[in-house]
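Letter by letter, the chains look like this.
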Amino acid sequence: MAEIGKGVTAGKLAINVQKRLTRAQEKVLQKLGKADETRDAAFEEMLANFNKQMAEGTKLQKDLKGYVTAVKTLHDASRRLQDCLADMYEPDWFGKEEMDTLAEDTDTLWLDYHQNITDKSLVCLDTYLTQFPDIKARIAKRDRKMVDFDSARHHFASLQKGKKKDEAKIAKAEEELGRAQKIFEELNVELQDELPALWDNRVGVYVNTFQGLAGHQEKFHKEMGKLSQNLNDIMTKLEEQRVLKKGGTAAAKTGDGAKSDETNHSESASSAPKSSVTNGSDGELPPGFVYKVKAIHDYAATDGDELELQTGDVVLVLAFDNPDEQDDGWLMGVKESQWFQKKDISAKGVFPENFTQKI
């Protein structure tokens, strides 16, 4: 037998047991159709809305937690990828310091994004859902008190209809009915005020949750886009650095070969810079030749030092005499057709790299 806890007397325990038995009997009679049941269609609609609202809120909480977990996973993956790039990036490569700063900024951005959606979306939703257990418990209590009220009502009615009326029992039953009715109606009125307000409140919660999430997403992707562009620029510069070094090395080797065989060149050829190279299939190439590109868009020159391009033109890219003079996204070159016709290096000019394609 269960031990009676502190503050719970044998009398109270007996009363609670009796209440449960009475309620069970009343529910059986109602199911058998031998006793009528208090029904409230408006409250039942409120109850259906409450259950729907609680289920939707719980699902939203679960899915939002899953999203936050996914963001944390992506953050970890991004950090590992950035660390990998930082470990591989050699000190003499272009933008080493910028690359280290970029990795730190990317990590900070992920941290801020994760923290913002946790604090301002998930915590708000968690707070919203904390009120449901209390209201659910009071709804259950209302249902029990409604059964008590029905039981007291039926007991009072049966005493009144009895052949031998015991006025003392009838008075006591009437008093119990009044008490049961008061308790039930107080709970009922409170819930009828709270449930519609709670149902209406869900719209504001959903708006705040998704509006906040959308705002943080927009800010995160905007800032991440800038960092991605910076990374792309660094990689572009690194590739240009590699190409220029490769071209410089090839030009130096060719220049050394030209010195040893200068008696076989004409006077004009022997005076060419060390960077000049030759190609058996294309003939002699201009000094400082690096590689060829093909114009994929027309480009109208806007300055005297620029090269005008027509789609399909082949351009021989040349190394800048002074690398510091090269602007980002611009190359120096001479059209292949002009070079082989006139061998005139003065026809060279600068042009935008993104108007061409390397061949």
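Let me begin by describing the structure that accompanies this report. In this text, all values refer to a predicted model and were calculated from it rather than measured experimentally. (Residues numbered from 1 in each chain as written. Predicted model: local features only at pLDDT ≥ 70, side-chain atom pairs only at ≥ 80, totals over all residues. Heavy atoms only, no water.)

1. What about the sheet that holds strand β5 (residues 330-335)?
On the basis of which strands lie adjacent, the open sheet formed by five strands has the order β6-β5-β4-β3-β7 and antiparallel pairing. Single-partner strands in this sheet number two, and they are β6 (349-352) and β7 (356-358). The sheet shows a mean angle of 50° between the axes of neighbouring strands, direction not considered. As defined by bridge partners, strand β3 (residues 289-295) adjoins β7 across three bridges and the pair is classed as antiparallel. Across the sheet, the residue bridging to A295 is T356, located in β7. (Pairing = 2+ DSSP bridges. Helix = DSSP H or I, 4+ residues; strand = E, 2+ residues; numbered from the N terminus. Axes fitted to C-alpha atoms, helices over the stretch in contact; angles between N-to-C directions.)

2. Thoughts on the environment of E174
Tracing the sequence through the fold places E174 in helix α5 (residues 167-260). The sequence separation of E174 and Q160 amounts to 14 residues, and the corresponding C-alpha distance is 9.9 Å.

3. Some details on the nonpolar core
Soluble globular proteins: nonpolar side chains tend toward being buried together. Core analysis: the largest hydrophobic core is formed by 32 residues, its most contacted members being F50, F132, I135 and L195. Residues V293, L309, V317 and F351 belong to the second largest nonpolar core, which totals 11 residues. (Core = buried A, V, L, I, M, F, W, Y, C linked by side-chain atoms within 4.5 Å. Buried < 20%, exposed > 50% of the residue type's maximum accessible area, 1.4 Å probe, protein only.)

4. Details of the pattern of salt bridges
Under the counting rule described, the total for this entry stands at 19 salt bridges. With its nearest N and O atoms 2.6 Å apart, the salt bridge here joins K52 to E56. Of this pair, K52 and E56 both sit in helix α2 (residues 41-88), separated by four residues, roughly a single helical turn. Relative accessible area serves as the criterion here: at 31%, E56 is assigned to the partly exposed category. Between K292 and E336 there is a salt bridge whose closest N-O contact spans 2.7 Å. Placement of the pair is K292 in strand β3 and E336 in helix α7 (residues 336-342), with a sequence separation of 44 residues. Taken together, the salt bridges that share partners define one network made up of K72, D76, R79 and D107. (Salt bridge = Lys/Arg side-chain N within 4 Å of Asp/Glu carboxyl O.)

5. Some thoughts on unusual backbone geometry
Its identity as a non-glycine residue notwithstanding, K343 has a phi of 55°, on the positive side. Locating K343 in the fold gives a position in the loop between α7 and β6.

6. Side note on the packing of aromatic side chains
The full count for this structure, using the stated rule, is eight aromatic pairs. Consider the rings of Y89 and W93, whose centres lie 5.2 Å apart with planes at 80°: the pair is edge-to-face. On the basis of relative accessible area, W93 is assigned to the partly exposed category, the value being 30%. Over the face of the ring belonging to F43 we find R142, whose NZ or CZ atom lies 3.5 Å from the ring centre. A cation over a ring is seen here: K358 above Y291, with NZ or CZ 4.5 Å from the ring centre. (Phe/Tyr/Trp six-rings, centres within 6.5 Å; stacked < 30°, edge-to-face > 60°. Lys NZ or Arg CZ within 6 Å of the ring centre and 35° of its normal.)

Everything listed here is a matter of coordinates, which is why it stays silent on function.
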